Amino acid sequence: MKHLTLKSAQQRNSGFTLIELLVVLVILGLLAGLVGPKVVSYLGRGKSDTAKLQIEQLAAAMDLYLLDVGRYPSADEGISALLQNSSGAKNWRGPYLRKDEIPLDPWGNEFHYEPPGQNGNIELYSLGADNAEGGEGDNADITL
């Protein structure tokens, strides 16, 4: 008889109470509330950093194009001049990109290219998540 009462007492004490479960849920909720926004901001910043790296790679390819051809691609040729010599440029030794396609920015939009202007520098940029000029955060324009 004594053996049965010990066994039934152990079975009654082996689970969690409702209060214990609620305390654990509250703690998990607080942690998610504190950590969640940080993780989301890191993910957004990661896309911006990726876009900057892609722009730097495109700019390096443009510099190789400049060394071979003697000029940057025109506005009509655009970034696609890094993959194919559609204008018949002399000394073209491309393709200047590793893949056979022009990369898209992390948000799936095309990069924008403007040939050198009065300052003599090319402009490569992404318009960010909203694909519109201006903006803040993920929507900010990303340039070199």
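The coordinates are above.
Small disclaimer: the values here were computed from a predicted structure and weren't measured.

Engineer: Please explain the overall build of the chain as it appears in this structure.
Structural biologist: The helix and strand inventory of the chain stands at two helices and three strands. Listing each helix as α and each strand as β along the chain from the N terminus yields α-α-β-β-β. Counting across all 144 residues of the chain, residues that qualify as buried make up 25%. Long-range contacts, defined as pairs at least 24 residues apart, comprise 38% of the intrachain contacts of the chain with a sequence gap of at least 6.

Engineer: Would you take a moment to explain the nonpolar core for this structure?
Structural biologist: Side chains of nonpolar character tend, in soluble globular proteins, to be buried together. Counting residues in hydrophobic clusters, the biggest one holds 23 residues, and the most contacted among them are Leu58, Met62, Tyr65, Ile79, Leu82, Tyr113 and Leu124. Considering each element in turn, this core owes the most residues, eight residues, to helix 2 (residues 18-69). Contact partners of Leu82, with chain neighbours within four places excluded, come to Leu58, Ala61, Met62, Tyr65, Trp92, Pro95, Tyr96 and Leu97.

Engineer: Teacher, can you tell me more about the sheet that holds strand 3 (residues 142-143) here?
Structural biologist: Sheets are built from strands paired through backbone hydrogen bonds, the pairs being either parallel or antiparallel. Pairing is antiparallel in the open sheet, where three strands are placed in the order 1-2-3. Looking at strand neighbours, the two that pair on one side only are strand 1 (112-114) and strand 3, the edges of this open sheet. Alignment of strand 2 (residues 123-126) against strand 3, held across two bridges, turns out to be antiparallel. Its bridge partner lying in strand 3, Ser126 is registered against Ile142.

Engineer: So what exactly am I meant to see when it comes to the packing of aromatic side chains here?
Structural biologist: The description of an aromatic ring pair uses the distance of the two centres, along with the angle that the planes make with each other. Under the counting rule described, the total for this entry stands at two aromatic pairs. Residues Tyr65 and Tyr96 carry aromatic rings whose centres are separated by 5.8 Å and whose planes lie at 70° to one another, so their mutual orientation is edge-to-face. Here Tyr65 is found in helix 2, whereas its partner Tyr96 is found in the loop between helix 2 and strand 1, with 31 residues between them in sequence. No difference in accessibility class separates Tyr65 from Tyr96, as the two residues are buried. Ring plane angle 90° and centroid distance 5.8 Å describe the contact between Trp92 and Tyr96, whose orientation is recorded as edge-to-face.

Engineer: Would you take a moment to explain the pattern of salt bridges for this structure?
Structural biologist: Two side chains of opposite charge can pair, provided their charged atoms sit close to one another. What the rule picks out here adds up to two salt bridges. Notably, a salt bridge pairs Arg93 with Asp68, separated by 3.2 Å at the nearest N-O pair. Taken together, the residues span a long stretch of sequence, with Arg93 in the loop between helix 2 and strand 1 and Asp68 in helix 2 at a distance of 25 residues. With its nearest N and O atoms 2.9 Å apart, the salt bridge here joins Arg71 to Glu77. Assessed through its relative accessible area of 10%, Glu77 is described here as buried.

Engineer: Can you help me understand the side chain of Glu77 in this one?
Structural biologist: Its location among the elements puts Glu77 in the loop between helix 2 and strand 1. A polar atom in the side chain of Glu77 sits 2.8 Å from the backbone nitrogen of Ser74. Polar side-chain contacts of Glu77 include one of 2.4 Å to the side chain of Ser87. Once you skip the residues sitting within four places of it in the chain, Glu77 turns out to touch Tyr65, Arg71 and Ser87.

Engineer: What is the right way to look at unusual backbone geometry in this model?
Structural biologist: A negative phi angle is the norm for most residues apart from glycine, just as the trans form is the norm for most peptide bonds. Look at Asn91: it is not a glycine, yet its phi comes out positive at around 65°. Tracing the chain through its elements places Asn91 in the loop between helix 2 and strand 1. At Asn131, a residue that is not glycine, the phi angle is positive and equals roughly 55°. Residue position: Asn131 is located in the loop between strand 2 and strand 3.

Rules and cut-offs
- Residues numbered from 1 in each chain as written.
- Predicted model: local features only at pLDDT ≥ 70, side-chain atom pairs only at ≥ 80, totals over all residues.
- Heavy atoms only, no water.
- Helix = DSSP H or I, 4+ residues; strand = E, 2+ residues; numbered from the N terminus.
- Buried < 20%, exposed > 50% of the residue type's maximum accessible area, 1.4 Å probe, protein only.
- Contact = heavy atoms within 4.5 Å.
- Core = buried A, V, L, I, M, F, W, Y, C linked by side-chain atoms within 4.5 Å.
- Pairing = 2+ DSSP bridges.
- Phe/Tyr/Trp six-rings, centres within 6.5 Å; stacked < 30°, edge-to-face > 60°.
- Salt bridge = Lys/Arg side-chain N within 4 Å of Asp/Glu carboxyl O.
- Polar contact = N/O pair within 3.5 Å; in protein donor to acceptor, adjacent residues only side chain to side chain.

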